[in-house]
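Here are the chains, one letter per residue:
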Amino acid sequence: MTTTFPDVTISTDRLVLRSFEEEDVTALAEMMNDEQITAWTSAPHPYTLADAHAWATARSHAERTEGRGIVLAVTEFLTHRLVGIVHLQNTNWRTRATEVGYLTAPWARGEGYASESVLAVAQWLFRDQGFERLELRTAADNTASQQVAQKIGCISEGVLRNAWIVRTQTAEGTWTDTRTDLIVWSLVPEDLDDTDGYEDYDGYGAYAGGTSFAPRAEVNGYAVGADWH
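Keep in mind that what you see is a predicted model, and the values were worked out from it rather than measured.

Q: Kindly report on the packing of aromatic side chains, identifying the contributing residues and their values.
A: According to the stated counting rule, one finds four aromatic pairs in the structure shown. Taking 5.3 Å as the distance between ring centres and 35° as the angle between the ring planes, the aromatic pair formed by Phe 5 and Phe 131 counts as tilted. One end of the pair, Phe 5, is in the segment before β1 (10–11); the other, Phe 131, is in the loop between α4 (113–127) and β6 (133–139), and 126 residues separate them in sequence. By relative accessible area, Phe 131 is classed as buried at 0%. Members of the aromatic cluster, each reached through a chain of ring pairs, are Phe 5, Trp 93, Trp 124 and Phe 131. Over the face of the ring belonging to Trp 107 we find Arg 81, whose NZ or CZ atom lies 3.9 Å from the ring centre.

Q: Describe empty space enclosed by the protein, listing the residues and the values that go with them.
A: Summed over the entire model, instances satisfying the criterion amount to two cavities of 30 Å³ or more. In this structure, the second largest cavity spans a volume of roughly 40 Å³. For the lining of the second largest cavity, the secondary-structure elements that each account for two or more residues are β4 (82–92), β5 (97–104) and α4. Partitioned by chemical class, the residues of the lining of the second largest cavity number seven nonpolar, three polar and no charged.

Q: Talk me through helix α3 (residues 49–65); I want residue IDs and the actual numbers.
A: An ideal rise of 1.5 Å per residue puts 24 Å on 17 residues; α3 measures up with 23 Å between its terminal C-alpha atoms. Remark: the principal bend of α3, roughly 50°, maps to Trp 55. When α3 is considered as a whole, its buried residues turn out to be Asp 51, Ala 52, Trp 55, Ala 56, Ser 60, Ala 62 and Glu 63. On its buried face, α3 sits against α1 (25–32), β3 (70–76) and β4. A positive phi of about 85° marks Gly 67, the residue just after α3.

Q: Break down the pattern of salt bridges for me, with residues and values.
A: Following the criterion strictly, the structure yields eight salt bridges and no others. With a shortest N-O distance of 2.6 Å, Glu 63 and Arg 68 are connected by a salt bridge. Among the residues examined, Arg 68 registers a relative accessible area of 34% and is labelled partly exposed. Residue Glu 135 pairs with Arg 137 through a salt bridge whose shortest N-O separation is 2.8 Å.

Q: Please give an account of the environment of Ala 149 that cites residues and values.
A: Here Ala 149 is to be found in helix α5 (residues 143–151). With a relative accessible area of 0%, Ala 149 lands in the buried category. Separated by 36 residues in the primary sequence, Ala 149 and Trp 185 have C-alpha atoms spaced 7.2 Å apart. With residues near it in sequence (within four places) discarded, Ala 149 still touches Leu 136, Cys 154 and Trp 185.

Q: Account for the confidence of the model for the protein, with residues named and values stated.
A: Summing up the model confidence of the protein, the mean pLDDT is 84 and the portion of residues at 70 or higher is 84%. Segment residues 197–229 is flagged for pLDDT under 50; beyond a separation of four residues in sequence, or across chains, it makes 155 contacts in the model.

Q: So what's going on with the side chain of Glu 63? Residues and values would help.
A: With respect to the secondary-structure elements, Glu 63 resides in helix α3. Here the side chain of Glu 63 touches Arg 68 through a polar contact of 2.6 Å, side chain to side chain. In this structure, Glu 63 is in contact with Arg 68, Gly 69, Val 71 and His 87, ignoring residues within four places of it in sequence.

Q: Could you give an account of the pairing of β3, with specific residues and numbers?
A: A large share of β3 lies buried, amounting to seven of its seven residues. Every second residue of β3 is oriented toward a common face, with Ile 70, Leu 72, Val 74 and Glu 76 on one face and Val 71, Ala 73 and Thr 75 on the other, all of them buried. As defined by bridge partners, strand β2 (residues 15–18) adjoins β3 across four bridges and the pair is classed as antiparallel. The residue bridging Arg 18 from the neighbouring strand is Ala 73, located in β3. Relative to β4, β3 runs antiparallel, the two sharing six bridges. Pairing of Ile 70 across the sheet is with Leu 88, part of β4. What sits between β3 and β4 in their antiparallel hairpin is a turn of five residues, with His 80 showing a positive phi close to 65°.

Reading the values: rules and limits
- Residues numbered from 1 in each chain as written.
- Predicted model: local features only at pLDDT ≥ 70, side-chain atom pairs only at ≥ 80, totals over all residues.
- Heavy atoms only, no water.
- Phe/Tyr/Trp six-rings, centres within 6.5 Å; stacked < 30°, edge-to-face > 60°.
- Helix = DSSP H or I, 4+ residues; strand = E, 2+ residues; numbered from the N terminus.
- Buried < 20%, exposed > 50% of the residue type's maximum accessible area, 1.4 Å probe, protein only.
- Lys NZ or Arg CZ within 6 Å of the ring centre and 35° of its normal.
- 1 Å grid on protein atoms, 1.4 Å probe; cavity = no way out; pocket = protein on both sides within 12 Å on 5 of 7 lines; lining within 4 Å.
- Points joined across faces, edges and corners; volume = space filled by probe spheres on them.
- Nonpolar A, V, L, I, M, F, W, Y, C, P; charged D, E, K, R; others polar.
- Expected span 1.5 Å × (residues − 1).
- Bend = angle between axes of the 7 residues up to and from the residue.
- Contact = heavy atoms within 4.5 Å.
- Salt bridge = Lys/Arg side-chain N within 4 Å of Asp/Glu carboxyl O.
- pLDDT = per-residue confidence, 0-100.
- Polar contact = N/O pair within 3.5 Å; in protein donor to acceptor, adjacent residues only side chain to side chain.
- Pairing = 2+ DSSP bridges.

So, in structure tokens, the structure goes:
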């Protein structure tokens, strides 16, 4: 039984999804130090160049080689600029199921990159890798992230109550842990039949959960994913 994903590059009209490289370190550190990413993920804060170097050169690659999933750097096709990350994780090779986490750099929000990149990975996963289920988890208050899931054809399956810890910023500017419910979404191969011609939606996913981040009506959403180490 195959227990690792291939070292793959996935392309769309606007994006190239590939393995991380050492040249991504500076852009990765800048992206991860965004306040919204700090709030919605469990990434170290501040996120140092050393953190970025370890992720880009070793830890992201180990996710694939050790069979847990695959990490793809999302880049613009024309500029090669780092747009974000899509991460398949918690992969069950027997049931051919995995979970997706994702995020988008602050400068790239508003372009529908999250939907485009996650949908491209889902199509590759089902059509080329023979997988049968893709799972996504979003914070209960995170309506923007929920709309991303809906745009790519996911079905809501239920709520995991009080299931995750995220960070919120206090009036003094410090960060504190807060618990949140999670909505579980799934995508299976037949759902892709409904995604042709989908409209781009701006959103971004997180590696470790999401909660409300003021102003709620304007902020993009995160989907839950893997913890950062």
